[in-house]
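In case you want the letters, here they are:
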Amino acid sequence: MRVITGSAKGRRLKTLPGLDVRPTIEGVKEAIFSIVQFDIEDAVFLDLFAGSGQLGIEALSRGAKKAVFVDNSAESVKIIRDNLAHTKLEDRGLVVNMPNSAFLKSTNEKFDIAVLDPPYNHKLIQKSMPQLVEKMSDYGIIICEHERDTVLPETYGDFSVSKVHRHGKTTLTVYRRDNKETEE
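What counts as what
- Residues numbered from 1 in each chain as written.
- Predicted model: local features only at pLDDT ≥ 70, side-chain atom pairs only at ≥ 80, totals over all residues.
- Heavy atoms only, no water.
- Helix = DSSP H or I, 4+ residues; strand = E, 2+ residues; numbered from the N terminus.
- Rg over C-alpha atoms; globule rule 2.2 N^0.38 Å.
- Buried < 20%, exposed > 50% of the residue type's maximum accessible area, 1.4 Å probe, protein only.
- Contact = heavy atoms within 4.5 Å.
- Salt bridge = Lys/Arg side-chain N within 4 Å of Asp/Glu carboxyl O.
- Core = buried A, V, L, I, M, F, W, Y, C linked by side-chain atoms within 4.5 Å.
- Phe/Tyr/Trp six-rings, centres within 6.5 Å; stacked < 30°, edge-to-face > 60°.

Undergrad: I'm lost on the overall build of the protein chain in this one. Help?
TA: Within the protein chain, the regular secondary structure consists of five helices and eight strands. N-terminal to C-terminal, the α/β element order of the protein chain is α-β-α-β-α-β-α-β-α-β-β-β-β. For 184 residues, the compact-globule estimate of 2.2 N^0.38 gives 16 Å, and the C-alpha radius of gyration of the protein chain, at 15 Å, lies within 12% of that figure. The burial tally for the protein chain puts 49% of its 184 residues in the buried class. Counting only contacts in the protein chain whose residues sit at least 6 apart along the sequence, the fraction spanning at least 24 positions is 61%.

Here it is as structure tokens:
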């Protein structure tokens, strides 16, 4: 696993060992950043269910102003901090060790881009989205990575599905505000 492009291009990232960890594969990561390529510069990025932090680190490497990494695993938080230090991006990263629902209830931050890549088959996206939409900026983009067979609701609050991208066994569902322009 490595950073694809930007200031930390080519740097290898650590991940937790074991079968419980499912890092985003490179092709899916490229698809995520292709979706937000014109929105990433100076964005506030949320990496919810951060794992190794690779998505937030990729965002920082590509010019995001700030990335917030949320994970409830102390081991994941240590890996994220190590990866931020290794990529020399720790000055723009905030690492939070708490359950996603507690974080979403407590934060006052507004996010421009949020990526949710939770463990599969736990309905964590469906549980998180109602709180998350309240924390998004006016032009916010939410990208949910999930297993191919899961179909997410068409709307959450004033966010609607703007695109669905399929990549093998993985699907990316992209939400944008109803009153804003959608992707082509």
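Moving on from the model shown.
Undergrad: Just to check I follow, could you spell out the pattern of salt bridges for this structure?
TA: It is possible for side chains bearing opposite charge to pair when their charged atoms get close. Counted according to the given criterion, the structure contains seven salt bridges. The closest approach of N and O atoms between R2 and E26, which form a salt bridge, is 2.8 Å. You can see R2 sitting in the segment before α1 (26-35) and its partner E26 sitting in helix α1, a full 24 residues away along the chain. By relative accessible area, R2 is classed as partly exposed at 26%. According to the relative accessible area criterion, E26 is partly exposed, its value standing at 32%.

Undergrad: So what exactly am I meant to see when it comes to the environment of V36 here?
TA: Mapped onto the fold, V36 is located in the loop between α1 and β1 (44-48). Separated by 19 residues in sequence, V36 and L55 place their C-alpha atoms 12 Å apart. Among residues more than four places away in sequence, those in contact with V36 are I113, I141 and I143.

Undergrad: What is the right way to read unusual backbone geometry from this model?
TA: The general pattern is negative phi for most residues beyond glycine and trans for most peptide bonds. At D42, a residue that is not glycine, the phi angle is positive and equals roughly 65°. Within the element layout of this structure, D42 appears in the loop between α1 and β1. Taking relative accessible area as the criterion, D42 reaches 48% and is therefore assigned partly exposed. The phi angle at K123 is positive, at roughly 55°, despite the residue not being glycine.

Undergrad: Help me out: how do you make sense of the environment of A74 in this one?
TA: Mapped onto the elements, A74 comes out in helix α3 (residues 74-87). Residue class for A74 comes out partly exposed when judged on its relative accessible area of 47%. Counting along the chain gives 22 residues from A74 to V96, while the straight-line C-alpha distance between them is 9.7 Å.

Undergrad: What should I look at first to understand the nonpolar core in this one?
TA: It is characteristic of soluble globular proteins that their nonpolar side chains tend to be buried jointly. Among the nonpolar cores identified, the biggest contains 31 residues, and F45, F69 and I143 are the most heavily contacted of them. Elements with a minimum of two residues in this core: α1, α2 (54-61), β2 (66-71), α3, β4 (111-116), β5 (136-147) and β8 (170-177). Sorting elements by how many residues they give to this core places α1 first, with five residues. Residues within four places of I143 in sequence aside, it is in contact with I32, I35, V36, A114, V115, L116, L172, T173 and V174. Formed by 23 residues, the second largest nonpolar core is a distinct cluster that contains L46, F103, L116 and V133.

Undergrad: I tried to follow the packing of aromatic side chains on my own but got confused; where do I start?
TA: For any pair of aromatic rings, the description rests on two quantities: the centre-to-centre distance and the angle between the ring planes. For the structure on display, the rule yields three aromatic pairs. Measuring from ring centre to ring centre gives 6.1 Å for F33 and F45, while their planes differ by 15°; the resulting arrangement is stacked. Of the two residues, F33 is situated in helix α1 and F45 in strand β1; the sequence distance between them amounts to twelve residues. You can call F33 buried: its relative accessible area is 1%. Ring centres of F103 and F111 lie 6.3 Å apart, and the angle between their planes is 45°; this geometry places the pair in the tilted category. Relative accessible area serves as the criterion here: at 0%, F111 is assigned to the buried category.

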